Amino acid sequence: MAAPEPNADAPAIRVRALSKTFDVPVRAAGLRSALTSIVKRKTRAVEAVREVSLEVAAGEIVGFLGPNGAGKTTTLKMLAGLLHPSAGQAHVLGFVPQDRQKAFLRQITLVMGQRNQLLWDIPVEDSFERNRAIYRIAPADYRRTVDELSDLLDLGELLDKPVRNLSLGERMKCEVAAALLHTPRILFLDEPTIGLDVTMQRRIREFVADYNRRTGASVLLTSHYMADVEALCKRVVVIHHGRILYDGALSELVQRFASHKTLNLELEEGDEGAGTDLSRYGEVVSSGAGRASLRIPKAETPATTARLLSELPVKDLTVEDPPIEEVIERVFSAEAE
Amino acid sequence: MKQALDLYGTLLRVAIAGNIQYRAAGMVWMLGMVIEPVIYLVVWSAVADSRGESVAGYDARDFAAYYLTFFVLHHLTFTWIMEVFQYRVQQGSLSFELLRPIHPIYADIADNVAYKLVMLVVMIPAAVVIALAFEPRFQPVGWSLALLPIAVVLAFFTRFFLEWGLAMSAFWTTRTTAVNRTYYSIYLFLSGRAAPIALLPAWLSGVAEHLPFYAMIGFPVELALGKLSPERALSGLGVQLVWTLFALGFVAMVWRRAVRRFSAVGG
């Protein structure tokens, strides 16, 4: 089959009303329903992804956010060609993913933080070598890529160790490297930093950012760690119960969904607000030792700030957006209401 | 062509490295593979001895030759794919294989060949020990031995493709052990493994000769021993060829459906 060659302006990923429904067998507890299920198998349709539409430009990094079971991984698997959509269309680099054409598979990669593709008992480099042959990477390109990846991810001493002797963090670095040996143009990263310590998370994160800068690859990333998303993604897609709730700039998400701001107060010494009932100004999140944090409805922030400054001996005052986790939680609860 | 050679060469090299890592487990496997034919050999020799005559043309030393040859050829042709396939589906490693631009069966063939090469180190001494202990009687026939390599290759592919296809039942059921047990019981009985098929009732051995199980092991063993007439040797090769092609078609068809199912239900 001829390989479609997308033009440079076309989006790398284009998804229209993509849906995925799973038929899940259901059966009540007890012998009676067990016997009934022999004759008549009941299934329930679970809509994992509902009419998702989005586009990802070449070189863009998009964060996919949502609680467990939101449909993030199902969407990634459909885009990588592992799952057939129940409805809708997806095009990745101009290919229909589920056709799994070789030319398509050679240009994508999927990293799943909870699963590994490296062969357990042989040295890392043997697994790399296997990928070189499978992806038909020219020896010179392969050598250069391995050197680069070793440099960036500090793999030097790991390459000749069997995978089973590596720590989780070391293994993940090798997994990421193995997944990128063929320099894919599309990266699907499903929880690539799960279970890793903060330093290792940052390492992987910086590496992904660097790979994106150098190669212009598009990245679709899911993570439970907001630090990953904040560091890598200007744009986020929030998905819940299989539906897209928000698609836009990360900064915009906070603007739009944060209903409150946090005011941090520091009062002059000697007058630590004793006797002052701070709850007149807003919800007191914490207070003590001349400091207090108040949660104020966003619309009232300017007025409340002015009142605080005029009525109390304020030494310092800062206004903050709530943590991104809180905002996202709010998006989900808003949808539930 | 050069890339295909590189691919197979690399897959084989990596698989050999992996199998050397697993050598201890491999030895235990091997022990089982030595013991089983020895049991059949002891039982059938005892039967022949107690009757004081041969059983369906086999005396004790003929049984020794039969099972020694079985041991060697079985090593060359057996596969373990049915035992491992369900783990691939359940643990999701198949997802990674589906993401690669080659069919996973290539790596399995490389792995199978690698195991067999690595285990030759144990195989050959074990065969020598069996030979010394049971004094097999060989009466090799030149033309028959000349056809043997073809029969072994066809036996390997018949078994490999058929079992790869059956292993894919793992896509439809989580109880693949039941499928495997049923299959192995039939195989044990009709392949010439539990007993040479000449020992079966005439009508049944006539049927067995045309089934894939005999093509997988009984036929090459009898060919190696020079027990077959030229007509039966040729018709046996024909049966093997038909089953190899059938199994290839079968594996291709099941694979298409299995992938469609996998991608419908998720992995």
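In this text the structure is predicted, and so the values were computed from the model without any measurement.

### Examining the overall build of chain A
Here is step 1: The helix and strand tally for chain A stands at 11 helices and 13 strands.
Here is step 2: Counting only C-alpha atoms and orienting by the principal axes, one finds that chain A spans roughly 75 × 60 × 45 Å.
Here is step 3: Out of the 337 residues in chain A, the part that is buried amounts to 48%.
Here is step 4: Of the contacts formed within chain A by residues at least 6 apart in sequence, a portion of 74% connects residues at least 24 apart.
Here is step 5: Just so you have it, chain A exposes about 16400 Å², and 48% of that area is on carbon and sulfur atoms.
Here is step 6: If you average the places of the 43 positive and of the 47 negative side-chain charges in chain A, the two averages end up 10 Å apart.

### Concerning helix α4 (residues 124-134) of chain A
Here is step 1: Counting buried residues along α4 of chain A, nine of its 11 residues qualify, which places the element largely inside the surrounding structure.
Here is step 2: All of the buried residues in α4 of chain A are Val-124, Ser-127, Phe-128, Glu-129, Arg-130, Asn-131, Arg-132, Ala-133 and Ile-134 of chain A.
Here is step 3: For α4 of chain A, the secondary structure elements touched by its buried residues are α5 (139-153) and α6 (168-180) of chain A together with α1 (2-21) and α6 (104-134) of chain B.
Here is step 4: Count one or two residues on from α4 of chain A and you reach Arg-136 of chain A, which has phi positive near 50°.

### With respect to the pairing of strand β1 (residues 13-26) of chain A
Residue and element names in this part refer to chain A.
Here is step 1: Examined bridge by bridge, β1 and strand β4 (residues 87-92) share five bridges and lie antiparallel to one another. Residue Ser-19 lies in a different strand from β4, and its bridge partner there is Ala-87.
Here is step 2: One ladder, built from 11 bridges, connects β1 with strand β2 (residues 42-56); its direction is antiparallel. Across the sheet, Val-24 pairs through a bridge with Arg-44, a residue of β2.

### Focus: the interface of chain B and chain A
Here is step 1: At the interface, 28 residues of chain B touch 30 residues of chain A.
Here is step 2: Here chain B packs against chain A, burying approximately 2700 Å² in sum over the two surfaces, 58% of which is carbon and sulfur.
Here is step 3: Of all residues in chain B, Phe-96, Leu-99 and Pro-101 of chain B bury the most surface against chain A, accounting for 26% of the area lost on that side.
Here is step 4: Between Arg-132 of chain A and Asp-6 of chain B there is a salt bridge; the shortest N-O distance is 2.9 Å.

### Examining the side chain of Thr-79 of chain B
Residues and elements named next belong to chain B.
Here is step 1: Here Thr-79 lies in the loop between α3 (60-77) and α4 (81-91).
Here is step 2: For Thr-79, the side chain forms a polar contact with the side chain of Glu-163, separated by 2.9 Å.
Here is step 3: Beyond its immediate sequence surroundings of up to four residues, Thr-79 is in contact with Asn-112, Arg-159, Phe-160, Glu-163 and Tyr-184.

### Looking at the pairing of strand β5 (residues 108-112) of chain A
The side chains of a regular strand alternate, residue by residue, between the two faces of the sheet.
All names here are of chain A.
Here is step 1: Within β5, five of the five residues are buried, which leaves it mostly tucked inside the rest of the structure.
Here is step 2: Of the two faces of β5, the one holding Ile-108, Leu-110 and Met-112 and the one holding Thr-109 and Val-111 are both buried throughout.
Here is step 3: Relative to strand β6 (residues 186-190), β5 is paired through five bridges, and the arrangement is parallel. Looking at β6, one finds that Met-112 is bridged to Asp-190.

### Some thoughts on the domain arrangement of chain A
Here is step 1: Looking at the assigned domains, one finds that chain A contains domain 1 (13-17 + 50-254) and domain 2 (259-320).
Here is step 2: Between the C-alpha centres of domain 1 of chain A and domain 2 of chain A there is a distance of 44 Å.

### Regarding the nonpolar core
Here is step 1: In this structure, Ile-13 and Phe-188 of chain A together with Phe-85 of chain B are the most contacted members of the largest nonpolar core, which totals 110 residues.
Here is step 2: Counting residues per element, this core draws most heavily on helix α7 (residues 142-167) of chain B, at 11 residues.
Here is step 3: Not counting residues up to four positions away in its chain, the partners in contact with Phe-188 of chain A are Ile-13, Leu-76, Leu-79, Ala-80, Val-92, Ile-108, Thr-109, Leu-110, Val-111 and Leu-220 of chain A.
Here is step 4: With 61 residues, the next largest nonpolar core counts Ile-61, Leu-166, Ile-204 and Phe-257 of chain A among its residues.

### Examining the sheet that holds β6 of chain A
Residue and element names in this part refer to chain A.
Here is step 1: Pairing is mixed in the open sheet, where six strands are placed in the order β5-β6-β7-β3-β8-β9. Pairing within the sheet leaves two strands with one partner each, and these edge strands are β5 and β9 (243-249). Averaged over all pairs of adjacent strands, the angle between strand axes in this sheet comes to 15°, irrespective of strand direction.
Here is step 2: Across the sheet, α6 touches β5 and β6, and the angle it forms with β5 is around 165°.

### Details of unusual backbone geometry
Here is step 1: A positive phi angle is found at Glu-191 of chain A, which is not glycine, with a value near 50°.
Here is step 2: Turning to its location among the elements, Glu-191 of chain A is positioned in the loop between β6 and α7 (198-215).
Here is step 3: A relative accessible area of 5% means that Glu-191 of chain A is categorised as buried.
Here is step 4: Unlike most non-glycine residues, Ala-56 of chain B shows phi in positive territory, near 45°.
Here is step 5: Structurally, Ala-56 of chain B is set in the loop between α2 (23-51) and α3.
Here is step 6: Here Ala-56 of chain B falls in the partly exposed class, since its relative accessible area comes to 42%.

### A look at the sheet that holds strand β12 (residues 291-297) of chain A
Adjacent strands of a sheet pair through backbone hydrogen bonds, lying either parallel or antiparallel.
All names here are of chain A.
Here is step 1: Taken together, the four strands give an open sheet; going across it, the order is β11-β12-β10-β13, and neighbouring strands pair in antiparallel fashion. A single partner strand is all that each edge strand has here, and the edge strands are β11 (283-288) and β13 (314-320). Neighbour to neighbour, the strand axes of the sheet diverge by 15° on average, direction disregarded.
Here is step 2: Relative to β12, strand β10 (residues 260-267) runs antiparallel, the two being bridged by seven bridges. Bridge pairing in β12 places His-260 opposite Pro-297.

### Considerations on the pattern of salt bridges
Pairing between side chains becomes possible if they bear opposite charge and their charged atoms approach one another.
Here is step 1: Under the definition given, this model contains 30 salt bridges over all chains.
Here is step 2: Of the charged contacts in the structure, one is a salt bridge between Arg-144 of chain A and Asp-141 of chain A, with a shortest N-O distance of 3.5 Å. Pair noted here: Arg-144 of chain A and Asp-141 of chain A are both in helix α5, with a separation of three residues, about one helical turn.
Here is step 3: Among the charged side chains, a network of salt bridges with common partners joins Glu-129 and Arg-132 of chain A together with Asp-6 and Arg-13 of chain B.

### Considering the environment of Arg-137 of chain B
All names here are of chain B.
Here is step 1: Take Arg-137: it is sitting in the loop between α6 and α7.
Here is step 2: Dropping the residues within four chain positions of it, Arg-137 is found in contact with Asp-59, Arg-61, Asp-62 and Ala-65.
Here is step 3: A distance of 3.0 Å separates the side chain of Arg-137 from the side chain of Asp-62, its partner in a polar contact.

### Things to note about the packing of α5 of chain A against α7 of chain A
Each pair of packed helices gets described by two things: the angle between the helix axes and the distance between those axes.
All names here are of chain A.
Here is step 1: Where α5 meets α7, the axes come as close as 10 Å, and the angle between the chain directions of the two elements is 140°. Put simply, α5 runs oblique to α7. Taken as a pair, α5 and α7 cross one another with a handedness that is right-handed. The segment α5 lies against α7, with Glu-148, Leu-149, Leu-152 and Leu-153 engaging Arg-203, Phe-207, Asp-210 and Arg-214.
Here is step 2: Its residues assigned to classes, the contact of α5 with α7 shows four nonpolar, no polar and four charged.

Definitions and cut-offs
- Residues numbered from 1 in each chain as written.
- Chains lettered and ligands numbered in written order.
- Predicted model: local features only at pLDDT ≥ 70, side-chain atom pairs only at ≥ 80, totals over all residues.
- Heavy atoms only, no water.
- Helix = DSSP H or I, 4+ residues; strand = E, 2+ residues; numbered from the N terminus.
- Buried < 20%, exposed > 50% of the residue type's maximum accessible area, 1.4 Å probe, protein only.
- Contact = heavy atoms within 4.5 Å.
- Areas by Shrake-Rupley, 256 points an atom, 1.4 Å probe, with all protein chains shown as cover.
- Lys, Arg positive; Asp, Glu negative; His and termini not counted.
- Charge placed at Lys NZ, Arg CZ, Asp CG, Glu CD.
- Pairing = 2+ DSSP bridges.
- Buried area = accessible area lost by both parts, 1.4 Å probe.
- Salt bridge = Lys/Arg side-chain N within 4 Å of Asp/Glu carboxyl O.
- Polar contact = N/O pair within 3.5 Å; in protein donor to acceptor, adjacent residues only side chain to side chain.
- Domains from an automatic or database assignment.
- Core = buried A, V, L, I, M, F, W, Y, C linked by side-chain atoms within 4.5 Å.
- Axes fitted to C-alpha atoms, helices over the stretch in contact; angles between N-to-C directions.
- Parallel < 35°, antiparallel > 145°, perpendicular 65-115°, else oblique.
- Left-handed = near helix turned anticlockwise from the far one by under 90°.
- Nonpolar A, V, L, I, M, F, W, Y, C, P; charged D, E, K, R; others polar.

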